[in-house]
Amino acid sequence: MSSMFGARVQRVEDDRLIRGHGAYLDDLGEDALVAAFVRSPHAHARILDIDVSGALDVPGLVAIYTYDDLPDKLAEPLPLLIPHPTLTHGRTPFPLARDEVNHVGEAIVMVVAADRYLAEDAADRIVVSYEPLPAVVGLDAARAADHLVHADVPGNLAARSTQERGDAAAAIASAPHVLELDLEIERSASTPLEGRGVLARWDDQAQRLRMWTSTQTSTGVRAAVAAKLDLALTDVDVITPDVGGGFGVKIVHPWPEEVLVPWAARLLQRPVKFTEDRREHFVASAHERAQLHHVTVGYDDDGRMVGLDVRFWHDNGAYVPYGLIVPIVTSTQLLGPYKPDAYRVEFDSLYTNTVLVTPYRGAGRPHGCFVMERTIDAIATALGLSRTVVRERNFIQPDEMPYDQGLIFQDGRPLIYDSGDYPALLAKLKDLVGWDDFAAFQENARQEGRTVGIGLACYVEGTGVGPYEGGHVIVETSGKVKVATGLTTQGQGHQTMLAQVVADELGVPFEDVEVVTGDTRRFGYAVGTFASRTAVMSGSAVALAARKARAKALRVAADALEASADDLEITNGIVQVKGDPDSGIGLGTVAVLSNPLRYAFDDAAKAATQFAGSSDDSKPPVAEDDEPGIEGRAYFSPVRSTFASGMHAAIVETDPETAEVTILRYCVVHDCGPLINPRIVEGQIHGGVAQGVGGALYERMAYDDSGQLANASFMDFLMPYVSEVPARIEIDHLETPSPLNPLGIKGAGEAGVIPGAAVLAAAIEDAEGIPVRSMPMSPSDLFELRRAYSQENS
Amino acid sequence: MTDATELHDATELHGATEVHDVRLTVNGAARTAAVPARRLLSDCIRHDLGLTGTHVGCEHGVCGACTILLDGVPVRSCLMLAVSADGQQITTVEGLADPDGTLSPVQQAFTECHGLQCGFCTPGFLTTITAGLRTTPDPDEAQAREIVGGNLCRCTGYQNIVASVLRAAEILNDRKAGRA
Amino acid sequence: MKISGVATLNAPPAKVWAALNDPAVLVATIPGSERLEPTGPDSYRITVTAGVASIQGTYTGEVSLSDKHEPSSFVLTARGAGSPGTVSTTVQVTLVDAADGRTELSYDADAVIGGMIAGVGQRMLSSVAKKMAGQFFAAVDDVLTGAAIAGQPQEVALPGAGQPAAAAQPASYIAPRPAAADGQTFTRGVLVGAGVALAGVAVGALIGRRSRLCPNQS
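Keep in mind the model is a prediction, meaning the values are calculated, not measured.

Asker: Which residues make up the pairing of strand 18 (residues 451–463) of chain A, and what values go with them?
Answerer: Of all 13 residues that make up strand 18 of chain A, 13 are buried, and the element is covered over most of its length. Side chains of strand 18 of chain A alternate between two faces, with Thr451, Gly453, Gly455, Ala457, Tyr459, Glu461 and Thr463 of chain A and Val452, Ile454, Leu456, Cys458, Val460 and Gly462 of chain A buried alike.

So, in structure tokens, the structure goes:
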């Protein structure tokens, strides 16, 4: 039997989904009442009055709730999920606004009715009177603080955070050369095709809640809902249905709807459901990517960085339920594969009257990569050196691993790179894209009147973030293997990938392994799906669980086969003496034998009953430290994250007249250690690259000065179609195994998106000869940039 | 526990709102629904007819997840009222496979080429491509991209979707020639 | 839940007082009421079919009056229960002469809602109650101005047939059916559109027993 690890096996998820038999949140709960919300049309306002009388005549109306109806813990602000010592002024929303609203889209009234149409009818007829207040929009306004988002947060400053290693100021002061750069990235968002949704059923007899939510963390939601509704954890089930994409936005919890819907279900003694529409997703979920950076770098004649100082400002929107994760990731992952002698980073996280900002695929790395890569390119340009050579001179070398960057990472642990070979990665990339041949190509193109450019960008990614994940493996008497892990799935093929791991560990056919994720009934301790951690965390946990089950199976089989466990192997689900296929017994039979029975419930079970002669009567049927059944439960908790890395190169052509950017080639070299399913990893890279391209060239949240989101729909928020994504994404892999987990792997989920803005900025700059310091770059942006540059330089 | 909420059932509710009888042939079967005039076809298919394979991604006709075939032509069901489809033939993703369960060439290609990840946009692609291959049975890569040019996917980056279109054409031709 | 409000009625206080004391008027004007039965001095049993939005139910309640200062004020206490929930309320009603043959009526109610309907949200409940109060006073006004008719007493036959019951008191009052133009009952007519509220405030001011008000009197 060949190994499943590394196999390009087709996904087990596909058959059901391809037939239209998926069960996404809105597909469930046909019998439920439906919720809709009255949301603020103002970016900042005081609520004066809520008049619901106009809604009373709507047929099918059941309930209307405002803040005044919320009891106890529901009347408190939603949790601040990730506290941090520097987050001195953290603010989170109430589930329904109390006296003030702080962004367009903030929920004020919840309506419950027989269906969504009627609920919206009722919501439309509710009249809220406001006193509009000045809106703070954009980092400039937030910093100037002429107006405040929260009256008790001076300067709109949620947090100011600093990390430092060495004395960057001194290093820069004494450096042979110094450069300063201002770099900006604009706001975008995850925008999965399926928005958020919640369904809740309250069982009044059992006093238990069962809910489904389109989430990236069912255990997180369960804990939060149990706390808010005063229920024991064991009285709440949270089941993650099929989820139509997450990309980070669905890690936030509890959304107001996630506590209000179950609360209403319990009050009304009826199932209640909420499915957001696209506009709601734009104005009531979360965005990411808006930061402004000022870099000062001191370097020597070789282009080596002796001192790097980064000061940046992060727009966190109206509230910070997810704490400072995005800017913390920027500040630490900015260093990439490099080792400046001294580094200082300081950021301000600022409130604005806009939608909250929480991680979106990359979670602060794209910004950090953009800043570092533009800085290195600027150094190369200043010195007239090759961009690849300057990078090589700044790389951490393979023999310096593990490398301690001297900072604290987003998991609260030291930022130590465990493994990686950046010079090898760069060599592969140059080879793949034909880096050294490009100059000639560019010159030929110039002769033809074409403007082409090449860029590259390198990144490092801390994956497999803790604190832990767990896995449970059980061999059933049928021989089938059931696996459960607590984190969730949004299309990453976890059921396939984890089945591959278990099939290998146990020695069973891949088709006999069935995996369940994200169901608190099946596995109750978990963290969630984010930070490219599933393969590392759950992969390792189910591998360890499978090993326990395997050891147990061998022990039981050894008794039955009267052999030593060391002489046994499991192949294709049969336990046999090594090299003796005729000796085998099926794992299902072993499972039967592992559970001493009084009653034979079927034919196979007879073998385990008291008179079947299979037990040693000098010992108890179940040994003291043992359990019936072939099961294994294990947890994986690494000492710190494991570092994947990658480099992208892009060749672009810009149109001299229309300033359109066309990507001629896009190359990815990627190191996530050994690949469990190369097809799935490539799919993840494709998707990430598409989001990187979208974010670099097309996507931008267009807020006007009064805090209105002008492009809150797919008509005006430009997610890439097939025509915007490179026709071919060329991928090569490097595999430096991780020493930090039993499978030696690293995460791959976010890799594709991280260097998107950086690499395209670099390629455009190379084509145009104009410094690119701000992204995204639409044709109009490029047109203006050209104009401004030629004015400055004329 | 007594179910104390005495809600009107749908018929009575709609008794306060006028409903219209809509007769459709959906995936070959005669179906009827009684719906208010403003009911979207997408909601009718999903909730009144219980065929939840067709998904709603934006409700403004841009993403294409809700695409069904109306008399064979791909149509955004979120942009249609159920009452305007009265008397017509609809094919949804649930109707693409053969009665014996054999996947259609397009469905098969998607599974072979890893053309789906979360699967939410997929039904819209499947119906669109099914119709596209009828018009262009032997597309080259540019034509394949054109066929899927109006559907959004956030997961796959489209690479494997385009590959699926080309593979689907292959399978289609193989089946016609009796090779598969 | 506290609600209060005012209403202007087109009759002098004495007439308003009389109307509010007349069970035949009340059964016709309390939104959703179907039947009213005297149970003792200043007390009645009432049956009301009402809805809080689309949560419909039939409620049976007891209403009693106290603290009467004719024609200016009284206190009404009401308690009602139905499958969707329970209501218990105390209402202070004051009548003031507003000149030109009009009365300004003000009410101040304190209500406790229990059961399922307690879970539909305070604003909805108080909005529904206010709306119903408004409907009630408008209906009373219609009766006072002759625009509407009062309810019908329903006599109960006493044993000893052949003897006319002397000065018989009606055992209960039945709400009038409106003109059946749309073929709907009075109750259905109120329920369609689902705007009828629970009889909180409007399980109203029943005072003593009076013969029904002649529609031609003002």
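Asker: Explain the interface of chain B and chain A residue by residue, including any values.
Answerer: Contact residues are listed per partner, giving 58 residues for chain B and 64 residues for chain A. Interface area for chain B against chain A, summed over the two sides, is near 5,100 Å², with a carbon-plus-sulfur share of 56%. Remark: the boundary between chain B and chain A carries five salt bridges. Asp27 of chain A is the salt-bridge partner of Arg46 of chain B, the closest N and O atoms lying 2.7 Å from each other. On inspection of chain B and its partner chain A, the count reaches 31 residue pairs in polar contact (both at pLDDT 80 or more). It is helix 3 (residues 105–113) of chain B that contributes the most residues to the side of chain B that touches chain A, five residues altogether. Tallied by class, residues from the side of chain B that touches chain A come to 25 nonpolar, 22 polar and 11 charged.

Asker: Can you break down the packing of helix 9 (residues 365–383) of chain A against helix 10 (residues 387–394) of chain A residue by residue, with the values?
Answerer: Residue and element names in this part refer to chain A. Contact pair helix 9 / helix 10: the axes reach a minimum separation of 9 Å and the direction vectors enclose 115°. It follows that helix 9 is roughly perpendicular to helix 10 by the angle criterion. For the crossing formed where helix 9 meets helix 10, the hand is right-handed. In this structure, helix 9 uses Glu373, Ile376, Asp377, Ile379 and Ala380 to contact helix 10, whose residues at the interface are Arg387, Val390, Arg391 and Asn394. Split into classes, the residues belonging to the contact of helix 9 with helix 10 amount to four nonpolar, one polar and four charged.

Asker: Can you break down the domain arrangement of chain A residue by residue, with the values?
Answerer: Residues and elements named next belong to chain A. Structurally, chain A comprises domain 1 (14–133 + 190–284), domain 2 (291–465 + 639–792) and domain 3 (469–636). Summed over both partners, the interface of domain 1 with domain 3 comes to about 1,100 Å²; 47% of that surface belongs to carbon and sulfur atoms. By the criterion of area lost to domain 3, the three top residues of domain 1 are Gln216, Thr219 and Ile239, representing 39% of everything that side buries. Linking domain 1 to domain 3 there are zero salt bridges. Elements supplying a minimum of two residues to the side of domain 1 that touches domain 3: helix 5 (218–228) and strand 11 (236–239). Tallying contributions element by element places strand 11 first for the side of domain 1 that touches domain 3, with four residues. Looking at side-chain class alone, the side of domain 1 that touches domain 3 contains five nonpolar, eight polar and three charged residues.

Asker: Give a description of the interface of chain A and chain C that names residues and reports values.
Answerer: With 18 residues of chain A at the interface, the matching set in chain C holds 17 residues. The junction of chain A with chain C conceals about 1,500 Å² of combined surface from both sides, 52% of it contributed by carbon and sulfur atoms. One can count two salt bridges joining chain A with chain C. For the pair chain A and chain C, the number of links is 10 residue pairs in polar contact (both at pLDDT 80 or more). Contributions of two or more residues to the side of chain A that touches chain C are made by strand 3 (61–65) and helix 6 (256–268) of chain A.

Asker: Tell me about the sheet that holds strand 1 (residues 19–26) of chain B, residues and numbers included.
Answerer: Residue and element names in this part refer to chain B. What the five strands build is an open sheet, ordered 2-1-5-3-4; its pairing is mixed. The sheet is open, and its two borders are formed by strand 2 (29–36) and strand 4 (73–76), each paired with just one other strand. Each strand axis lies, on average, 40° off the axis of its neighbour in the sheet, ignoring direction. By the bridge criterion, eight bridges tie strand 1 to strand 2 in an arrangement that is antiparallel. Each bridged residue has a counterpart across the sheet, and for His20 the counterpart in strand 2 is Val35. Sitting on the sheet, helix 4 (residues 122–135) touches strand 3 (67–70), strand 4 and strand 5 (89–91), and the angle it makes with strand 3 is about 40°.

Asker: Tell me about the domain arrangement of chain B, and name the residues and values.
Answerer: Residue and element names in this part refer to chain B. With domains assigned, chain B is organised as domain 1 (17–92) and domain 2 (105–179). A separation of 23 Å is found between the C-alpha centroids of domain 1 and domain 2. Counting residues at the interface gives 16 residues for domain 1 and 13 residues for domain 2. Interface of domain 1 and domain 2: buried area, both sides summed, is about 960 Å²; carbon and sulfur atoms make up 61% of it.

Asker: Give a description of the sheet that holds strand 8 (residues 177–185) of chain A that names residues and reports values.
Answerer: All names here are of chain A. Sheet architecture is open: six strands sit in the order 7-15-14-13-8-29, paired in mixed fashion. Pairing within the sheet leaves two strands with one partner each, and these edge strands are strand 7 (157–165) and strand 29 (774–775). When strand 8 meets strand 29, the two strands line up parallel, connected through two bridges. Looking at the pairing, Glu184 lines up with Ser774 of strand 29.

Asker: How would you summarise the packing of helix 3 of chain B against helix 4 of chain B if you had to cite specific residues and measurements?
Answerer: Residues and elements named next belong to chain B. Axis separation between helix 3 and helix 4 bottoms out at 9 Å; the angle between their running directions is 125°. Classed by the angle they form, the pair helix 3 and helix 4 counts as oblique. The two elements helix 3 and helix 4 cross, and the hand of that crossing is right-handed. From helix 3, Val106, Gln107 and Phe110 reach across to helix 4, where they touch Thr122, Phe125, Leu126, Ile129, Thr130 and Leu133.

Asker: Could you give an account of the environment of Pro176 of chain A, naming the residues involved and the relevant values?
Answerer: Residue and element names in this part refer to chain A. With respect to the element layout, Pro176 can be found in the loop between helix 4 (168–173) and strand 8. Between the C-alpha atoms of Pro176 and Tyr299, which are 123 residues apart in sequence, the distance is 6.3 Å. For Pro176, the residues in contact, after removing those within four places along its chain, are Tyr299, Asp300 and Asp301.

Asker: Outline the pattern of salt bridges, supporting the account with residue identities and numerical values.
Answerer: Residues and elements named next belong to chain A. One pass over the structure, following the stated rule, counts 69 salt bridges over all chains. Arg208 serves as the salt-bridge partner of Asp235, at 3.9 Å between the closest nitrogen and oxygen. With Asp235 in the loop between helix 5 and strand 11 and Arg208 in strand 10 (residues 208–213), the pair connects residues that are 27 residues apart, well separated along the chain. Looking at Asp235, the relative accessible area reads 26%, which means it is partly exposed. Via salt bridges that share partners, Arg39, Arg116, Glu120, Arg196, Glu257, Glu276, Asp277 and Glu280 belong to a single interconnected network.

Asker: Provide a residue-level description of unusual backbone geometry, including the pertinent values.
Answerer: Residues and elements named next belong to chain A. Backbone torsion omega between Met401 and Pro402 reads -5°, so that peptide bond is classified as cis. Of the consecutive residues Gly466 and Pro467, the connecting peptide bond is found in the cis state with omega at 0°. Topologically, Pro467 is positioned in the loop between strand 18 and strand 19 (469–475). Despite not being glycine, Arg289 has its phi angle at roughly 95°, a positive value.

Asker: Would you mind going over the packing of aromatic side chains in detail, with residue names and values included?
Answerer: In this description, a pair of aromatic rings is defined by centroid distance and the angle of the planes. Residues and elements named next belong to chain A. Using the criterion set out here, one finds 18 aromatic pairs over all chains in the structure. A centroid spacing of 5.2 Å and a plane angle of 25° characterise the contact between Phe312 and Phe347, whose relative ring orientation is stacked. Highlighted residues: Phe312 in strand 14 (residues 305–315) and Phe347 in strand 15 (residues 342–350), separated in sequence by 35 residues. The class for Phe347 is buried, based on a relative accessible area of 2%.

Asker: Help me get a handle on helix 17 (residues 756–768) of chain A, residues and values and all.
Answerer: Residues and elements named next belong to chain A. Over its 13 residues, helix 17 runs 18 Å from end to end, which matches the ideal 18 Å to within 8%, given 1.5 Å per residue. Summarising burial for helix 17: 12 of the 13 residues are buried, a large majority. Where helix 17 is concerned, the buried positions are Gly756, Ala757, Ala758, Val759, Leu760, Ala761, Ala762, Ala763, Ile764, Glu765, Ala767 and Glu768. Gly769 occupies a position one or two residues after helix 17 and carries a positive phi of about 75°.

Asker: Let's hear about the side chain of Glu750 of chain A: which residues, and what values?
Answerer: All names here are of chain A. Tracing the backbone shows Glu750 in the loop between strand 28 (729–734) and helix 17. For Glu750, the side chain forms a polar contact with the side chain of Ser532, separated by 2.8 Å. Ignoring any residue separated from it by four or fewer positions in sequence, one finds Glu750 in contact with Arg361, Gly362, Ala363, Arg365, Glu461, Ala531 and Ser532.

Asker: So what about the pairing of strand 9 (residues 197–203) of chain A? Which residues, and what values?
Answerer: Residue and element names in this part refer to chain A. Of all the seven residues making up strand 9, five are buried; the element is thus mostly covered by neighbouring parts of the structure. One ladder, built from four bridges, connects strand 9 with strand 12 (residues 272–275); its direction is antiparallel. Residue pairing for strand 12: Gly197 is matched across the bridge by Thr275. Where strand 9 and strand 10 come together, six bridges link them in antiparallel fashion. Looking across to strand 10, one finds that Asp203 is bridged to Arg208.

Asker: So what's going on with helix 6 of chain A? Which residues, and what values?
Answerer: Along an α-helix, residues three or four apart share an orientation, since each turn contains 3.6 residues. Residue and element names in this part refer to chain A. Given a rise of 1.5 Å per residue, 13 residues ought to cover 18 Å, and the 18 Å separating the end C-alpha atoms of helix 6 matches this to within 8%. For helix 6, the full list of buried residues reads Pro256, Glu257, Glu258, Val259, Leu260, Val261, Pro262, Trp263, Ala264, Ala265 and Leu268. Positive phi appears at Gln269, one or two residues downstream of helix 6, with a value of about 55°.

What counts, and where the lines are drawn
Residues numbered from 1 in each chain as written. Chains lettered and ligands numbered in written order. Predicted model: local features only at pLDDT ≥ 70, side-chain atom pairs only at ≥ 80, totals over all residues. Heavy atoms only, no water. Buried < 20%, exposed > 50% of the residue type's maximum accessible area, 1.4 Å probe, protein only. Helix = DSSP H or I, 4+ residues; strand = E, 2+ residues; numbered from the N terminus. Contact = heavy atoms within 4.5 Å. Buried area = accessible area lost by both parts, 1.4 Å probe. Salt bridge = Lys/Arg side-chain N within 4 Å of Asp/Glu carboxyl O. Polar contact = N/O pair within 3.5 Å; in protein donor to acceptor, adjacent residues only side chain to side chain. Nonpolar A, V, L, I, M, F, W, Y, C, P; charged D, E, K, R; others polar. Axes fitted to C-alpha atoms, helices over the stretch in contact; angles between N-to-C directions. Parallel < 35°, antiparallel > 145°, perpendicular 65-115°, else oblique. Left-handed = near helix turned anticlockwise from the far one by under 90°. Domains from an automatic or database assignment. Pairing = 2+ DSSP bridges. Phe/Tyr/Trp six-rings, centres within 6.5 Å; stacked < 30°, edge-to-face > 60°. Expected span 1.5 Å × (residues − 1).

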